[in-house]
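Residues per chain, in single letters:
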Amino acid sequence: MNRQELVNLIKEKQSYLCVGLDTDITKIPKHLLSHADPVFAFNKAIIDATKDLCVAYKINTAFYECMGIRGWESLQRTVEYIPSGIFTIADAKRGDIGNTSTQYAKTFFDTYNFDSVTVAPYMGKDSVLPFLQFPEKWTILLGLTSNEGSQDFQLQQTGDEFLFEKVMKSAMEWGTPDNLMFVVGATQSSQLGYIRKMVPDHFFLVPGVGAQGGSLQEISTQAMNKDCGLLVNASRAIIYAGNGEDFATDARNAALQYQQEMATYLSQMVSSEI
Ligand SMILES: O=C(O)c1cc(=O)[nH]c(=O)n1[C@@H]1O[C@H](COP(=O)(O)O)[C@@H](O)[C@H]1O
């Protein structure tokens, strides 16, 4: 999916919600465990219940990889089930020497046909460039993450800037707003406005609302740009909103609340085109 298609989708659905499919087999409702593929059965119900409310699904590969081949099968069924026209994110946080990064990129872009993959920048330019070579695909680079450990390296001063600023400024020379997004954590509210000034055009994937306590209002008022420029992810707050037979309805209601709040911010804050 290209940038214009993504912007149009946000406009049509009045939503910049990304539903995180961090599906943990120990947390899904018990009645699903009799299915041949319980993780897929859960994801299918969540997708059916939320697909009109969100513009993206993020599959965190850790929750699938830990189950070995069965997990990869659940991942494949899930990504194939997501309706075309919804943006897909493989949250794999990859990055390695160039030829290895190319194999990671092939895995998620060619073999599984995701629109995007999350990439860790620590190994530098040659570890990131291979992901950016794939036409119509997106690299989502970790900028300033939502977790406490972001202070250990990302928020360390290097010269007159933080390390995460150096990373983001460098990466803006490697990719463009058409193939590169940044992860910026919703819990980093004191930095959001500053980061948006530094990076005016790129999309941000913003995790950390819901279970991690980030504020949708703060993100939206501080980091929206003229194209919206945001994909806000919630995983546990949506997929585990309920735990009974009607878990999918509970998930829908949680997603609906986010979408309705997003529609308000879109109407207030973005240029009349949106
Ligand atoms: O890259 C990510 O998606 C990510 C970056 C980050 O800084 N913080 C963060 O929580 N995430 C991911 O976003 C999701 C957050 O899940 P919830 O806290 O349940 O909404 C998980 O899949 C995390 O791995």
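Procedures and definitions
- Residues numbered from 1 in each chain as written.
- Predicted model: local features only at pLDDT ≥ 70, side-chain atom pairs only at ≥ 80, totals over all residues.
- UniProt positions renumbered as here; feature names shortened; annotations may be inferred.
- Buried ≥ 20, exposed ≤ 12 C-beta atoms within 10 Å, placed from the backbone.
- Helix = DSSP H or I, 4+ residues; strand = E, 2+ residues; numbered from the N terminus.
- Pairing = 2+ DSSP bridges.
- Right-handed = clockwise from strand over helix to strand, strands pointing away.
- Axes fitted to C-alpha atoms, helices over the stretch in contact; angles between N-to-C directions.
- Contact = placed C-beta atoms within 7 Å.
- Near = placed C-beta within 6 Å.
- Nonpolar A, V, L, I, M, F, W, Y, C, P; charged D, E, K, R; others polar.

Labelled according to an unreviewed UniProt entry, the chain appears under the name Orotidine-5'-phosphate decarboxylase, originating from Chitinophaga solisilvae. We quote the UniProt Catalytic activity (unreviewed entry) comment for the chain here in full: "orotidine 5'-phosphate + H(+) = UMP + CO2".

Here we take up the pairing of strand β4 (residues 116-119). Burial of the side chains of β4 extends over both faces: S116 and T118 are buried on one face and V117 and V119 on the other. As paired elements, strand β3 (residues 87-94) and β4 share 3 bridges and run parallel to each other. Residue pairing for β4: A90 is matched across the bridge by V117. Crossover β3 to β4 through helix α5 (residues 98-111) is right-handed. Bridging between β4 and strand β5 (residues 138-144) involves 4 bridges; their strand directions are parallel.

Taken together, 8 strands build a closed barrel; the order of strands is β1-β2-β3-β4-β5-β8-β9-β10 and the barrel is parallel. Strand-to-strand twist across the sheet, computed as the mean angle between neighbouring axes with direction ignored, equals 30 degrees. Sheet topology places β5 next to strand β8 (residues 180-184); 5 bridges connect them, and they run parallel. Bridge pairing links L144 to V184 in β8. Contacts between helix α7 (residues 163-174) and the sheet are confined to β5 and β8, with β5 contributing the most and set at about 155 degrees to the helix.

Non-glycine residue K93 carries a positive phi angle of around 45 degrees. Looking at the element boundaries, K93 is found in strand β3. Owing to 17 C-beta atoms within 10 Å, K93 belongs among the partly exposed residues under this scheme. You will see that C228, though not glycine, has its phi angle at about 80 degrees, which is positive. Structurally, C228 is set in the loop between α9 (216-223) and β10 (230-234).

Turning our eyes to something else, we now look at the site of the ligand. Taken together, 20 residues lie near the ligand, and T145, S146, P207, S235 and R236 sit nearest. At the level of secondary structure, the elements contributing two or more residues to the shell around the ligand comprise β10 and α10 (236-239). For the shell around the ligand, the per-class residue count stands at 5 nonpolar, 12 polar and 3 charged.

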